[in-house]
Amino acid sequence: VYVGSCLLLRACQHRRWSAYDRRHGKRCIRESEAAESGLLANVELVLAHGGSLDTLDIAGDTALHTAVNWGHETLVAELCAMGAKTDTSNKGKWSPLGQAVHKEKLAIVDTLLAAGADPNFGATPTTVPLAFAKDAAMVERLLAAGADPNILLSPATGNHLLISRALGGKLDIVRTLLAHDVED
């Protein structure tokens, strides 16, 4: 079972690089359903042989963390449909939803929220998904899903998300938070 679970994690880590571009000296990204369908087949094969959706790798990542990290939208949706835990954190204190928000993967954020991911789940106050939102649209999406706009990023110092974003010059986020009756 352990070997099968490790293979499941590796199946989700499939890199989506298609070919090396010699003219520009970089890799080209391939965004194809075929690649994700192949990953899903690998995941199903590993699960059929005793693998677990929620096995942790050395970094504490589950298959869902890994699929989110690599931006595999279809695989994230399938893992959620198969019952992968959405509210879990890895050793870095990241939840799958926090990773998706940080990477600005809107489709994955929507998928995770639809699968029941808690928009207030974080291993620490600084790792709740709202803390990673970089624009007002993402903040609005999380607030609509029930995120608490009154989070303290540092309970010891009283550093409030609203103050943090104001000091950082993120006025669009400040306006969005104030529109949701954040305590100022």
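Residues numbered from 1 in each chain as written. Predicted model: local features only at pLDDT ≥ 70, side-chain atom pairs only at ≥ 80, totals over all residues. Heavy atoms only, no water.

Visitor: Give me helix α7 (residues 136-144): which residues, what numbers.
Guide: Within the sequence span of α7, burial applies to Ala136, Met138, Val139, Leu142 and Leu143. Each buried residue of α7 sits inside an arc of 160° when the element is viewed along its axis, so together they form one side. Opposite the buried face of α7, at more than 90 degrees from it, the exposed residues are Ala137 and Ala144. Structurally, α7 contributes buried residues whose contacts are with α5 (96-102), α6 (106-114) and α9 (171-179). (Buried < 20%, exposed > 50% of the residue type's maximum accessible area, 1.4 Å probe, protein only. Helix = DSSP H or I, 4+ residues; strand = E, 2+ residues; numbered from the N terminus. Arc of directions from axis to C-beta. Contact = heavy atoms within 4.5 Å.)

Visitor: Break down the nonpolar core for me, with residues and values.
Guide: One finds Leu79, Leu112 and Leu142 to be the most contacted residues of the largest nonpolar core, which totals 38 residues. Counting residues per element, the ones that place at least two in this core are α2 (33-48), α3 (63-69), α4 (73-81), α5, α6, α7, α8 (161-167) and α9. For Leu142, the contacting residues outside a window of four places in its chain are Leu97, Val101, Leu113, Pro119, Pro129, Leu130, Ala133 and Ala147. (Core = buried A, V, L, I, M, F, W, Y, C linked by side-chain atoms within 4.5 Å.)

Visitor: Describe the environment of Ala114, listing the residues and the values that go with them.
Guide: With respect to the helices and strands, Ala114 occurs in helix α6. On the basis of relative accessibility, which here comes to 72%, the residue Ala114 falls in the exposed class. Sequence separation between Ala114 and Ala145 is 31 residues, and the spatial gap between their C-alpha atoms is 9.1 Å.

Visitor: Provide a residue-level description of the packing of α7 against α9, including the pertinent values.
Guide: When two helices pack together, their arrangement is captured by the angle between the axes and the distance separating the axes. Here α7 crosses α9 at 25°, and the two axes come no closer than 8 Å. It follows that α7 is roughly parallel to α9 by the angle criterion. In the packing of α7 onto α9, the handedness of the crossing is right-handed. Residues Ala136, Val139, Glu140 and Leu143 of α7 form the contact with α9, whose own contacting residues are Asp172, Ile173, Thr176 and Leu177. (Axes fitted to C-alpha atoms, helices over the stretch in contact; angles between N-to-C directions. Parallel < 35°, antiparallel > 145°, perpendicular 65-115°, else oblique. Left-handed = near helix turned anticlockwise from the far one by under 90°.)

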